[in-house]
Structures are given as C-alpha cells and as structure tokens.
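A look at the structure
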Amino acid sequence: MSEATRIDGKAFAADLRAEIGRKVAVLKEKHGLTPGLSVVLVGEDPASEVYVRNKGKATLEAGMKSDTYTMPEDSSHDDVMAKVEELNADPSVHGILVQLPLPDQVDSDAIINAINPDKDVDGFHTLNVGRLNSGQDAMVPCTPVGCMVMLKEVIGDLTGKQAIVVGRSNIVGKPMAALLLKEHCTVTIAHSRTKDLPAECRRADIVIAAVGRAKMVKGDWIKPGAVVIDVGINRIEDASTKSGTRLVGDVDYDDAAKVAGAITPVPGGVGPMTIACLLKNTVTAACRQAGVPEPE
Ligand code: NDP
C-alpha cells in the first residue's frame, strides 16, 4: 500500500492567514474597523510565553491590533478579573484570550465565564459551549475549528463518515465531536476508560487523536485509507537533536502513514492551524460586534 498523503497544516494555515489579511484590509477600508485581540498571560510559563508571542506576531501580520498583558505569577483572582472586565469594556478589543493554565489562586472557570461571550475567541465560555452543542452561532475553540478546516479540504463532504475522537477534554475532544456531529458524522468519543481502543479506532474513517500521549495510536489501529488528525504535542527525548528533545504527536506517524489515506504531521499539522483559526475567530467576533457583514 502506498504511503498516506501528508496533510500540510503549515500550508493550510498560510492560506487561511492570507485570506484573513485580505478580510482585515477590507474591514479597515470599508468600515474603518480594525479587529483587535488582547491576550492575558499570568505568570512566566515558558511554553505559554512562546504561544502568546506567536499569537501576537500572527495577529499583527494579519493587520489586526494586538495587545498582550503580562501579569505577575502571584496576581490575585481579583486582579485578573479586573483585567478581563477592563477588556470587556474596551470597544477596540474584539477578542479576549486568557492563556491557560492560570495559577492556582485564580479560579479559571470564573475568569473564562467573565469574558464577554461575544469576545470569547477561545470559545471556552459556557454560553458558547451551549451554543455550539445546540447548533447556534458560537465562538468555537480554535484547535477543533482548524482540524475541521483540514478535514473538509481533504475529504469534502463528511456526511455519514464514522469518526472517532480520542480524548474528551473541553478544549479539544468535546468541541471536536460536536463539530463532527454537525457535519453529520457518526461520532465515537473515546477516553482513558474506553475498552479496546484499537478496535474502536479501526472502525473509523476519521481518527482525531487528542490525548497527550506520545505515539500512542499505532498503524494497526487505523482502517486502511482513513484520515488521521493528530492534535497531540508531546516532547520526547532524542539524543540525535541539538536540544536533546523533539516534538511528536499522539500518533505513531511513520507506522500510521503506511495505512492511512491522509495524516497530519507533528509539528506542522494542527498547531499552525490553531493560531490561524484564532485570527479567524477574532475577525468574526469583530464583525458581529460592529454589526458589519464578514467579507467574503
Ligand atoms: P487533556 O489532558 O485535557 O485530555 C486528554 C484526554 O485524553 C482525556 O479525555 C483523557 O481521558 C484521554 N486519555 C488519556 N490517556 C488516554 C488513554 N491511554 N487512552 C485513551 N484516552 C486517554 O488534553 P487536551 O485535550 O488539552 O490536549 C490533548 C493533546 O493535544 C495534548 O498533547 C496537548 O498538548 C495537545 N493540544 C494541541 C493543540 C494544538 O494546537 N495542536 C491545542 C490543544 C492541545 P479521561 O478524560 O478519561 O482522563
């Protein structure tokens, strides 16, 4: 059997970002509207700092307004809440993202639910979760949106496909399952208590791996020709690299690529699409708040 098609998330993301840049230019010219994204980072987690820096850079490159508020690790719950309220009240801010995880003294659920749902570009607010699950217009979490953009490009119509989402987190697994259901897939959601996970995966035309376990999904778990989307980001030791580590996904890529029809790599698959979809959500949020149609 021939090797699976490698789904180039970087290329998809570059196209999407260029499209967003064009939309932003139209919004500025026609409506004097510059979409603005504000990111709140509490503490000094190095991985979060990298994510936040990349988000800010991408936002500016798309011609949007970008602000990052870095708050000390020992910020109180009330300090973070006050920042969210300030951003809620600022009409030049259309999207608010509070980088998770937050320090223990800050109640993450309360902070996320204090964000104006229309500015909740991460789609984590309870109202947006409810809207997504009841088929209403919602802000949808960026990673599942990115996976869906790639799936539709690769497969086209998803109607009737058997899909499995391995992982049931609120930020990836559950919204991913909701989006697949919306596209008329028959969806299985698997998790750590699922019995015979390989057999469940083998029934699927679409496998989404969002677990956080390096190379867990093997080639013999994959139905021949299935489309595999690997959300996982895991750092493993690798003495052959300069840093001594490298990133891998939740899927054993080399093994699965022998069986799958198409598969995303890690890095260069879902990751770049996540940031592009954050920009996409911010443009959508800005248009809704300003009451202007989103440019084609
Ligand atoms: P969580 O830790 O919140 O959820 C992991 C899920 O995997 C849980 O539902 C858990 O089940 C399930 N799980 C754990 N072990 C097993 C197992 N052995 N068999 C089956 N299911 C298992 O992770 P996230 O959803 O936040 O993230 C998942 C991965 O995606 C991580 O590697 C993360 O870094 C990556 N990620 C990547 C993003 C990107 O932009 N590319 C964005 C967000 C996340 P249970 O509920 O039973 O505990």
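Here we summarise the structure given alongside this text. (Residues numbered from 1 in each chain as written. Predicted model: local features only at pLDDT ≥ 70, side-chain atom pairs only at ≥ 80, totals over all residues. Heavy atoms only, no water.)

1. Description of the sheet that holds strand β6 (residues 186–190)
- Ordered by their spatial adjacency, six strands build an open sheet running β1-β11-β8-β7-β5-β6, and the pairing between neighbours is parallel. The open sheet is flanked by β1 (5–6) and β6, the only strands paired with a single partner.
- Examined bridge by bridge, strand β5 (residues 162–166) and strand β7 (residues 206–209) share four bridges and lie parallel to one another. Bridge pairing links V166 to A209 in β7.
- On the sheet, helix α6 (residues 142–155) packs against β7, β8 (227–230) and β11 (262–263) and is oriented at approximately 160° with respect to β8. (Pairing = 2+ DSSP bridges. Helix = DSSP H or I, 4+ residues; strand = E, 2+ residues; numbered from the N terminus. Contact = heavy atoms within 4.5 Å. Axes fitted to C-alpha atoms, helices over the stretch in contact; angles between N-to-C directions.)

2. What to know about helix α10 (residues 270–290)
- The first and last C-alpha atoms of α10 sit 30 Å apart over 21 residues, in line with the 30 Å expected at 1.5 Å per residue.
- Directly beyond the C-terminal end of α10, a positive phi value near 70° is found at G291. (Expected span 1.5 Å × (residues − 1).)

3. Looking at the packing of α6 against helix α7 (residues 173–182)
- For the pair α6 and α7, the least separation of the axes is 9 Å and the interaxial angle reads 35°. Of the two elements, α6 crosses α7, and the hand of that crossing is right-handed. Every residue of α7 that contacts α6 at P144, V145, C147, M148 and L151 is listed here: P175, M176, L179 and L180.
- Looking at side-chain class alone, the contact of α6 with α7 contains nine nonpolar, no polar and no charged residues. (Left-handed = near helix turned anticlockwise from the far one by under 90°. Nonpolar A, V, L, I, M, F, W, Y, C, P; charged D, E, K, R; others polar.)

4. Examining the site of the ligand
- As a matter of local geometry, the ligand sits amid 21 residues, with R168, S169, S192, R213 and T274 nearest to it.
- Measuring from a nitrogen atom of the ligand, one finds a backbone N or O atom of H191 at 3.5 Å.
- Between the ligand and T274 there is a distance of 2.8 Å, counted from an oxygen atom to a side-chain nitrogen or oxygen.
- No other element matches the three residues that α10 contributes to the shell around the ligand. (Near = heavy atom within 4 Å. Polar contact = N/O pair within 3.5 Å; in protein donor to acceptor, adjacent residues only side chain to side chain.)

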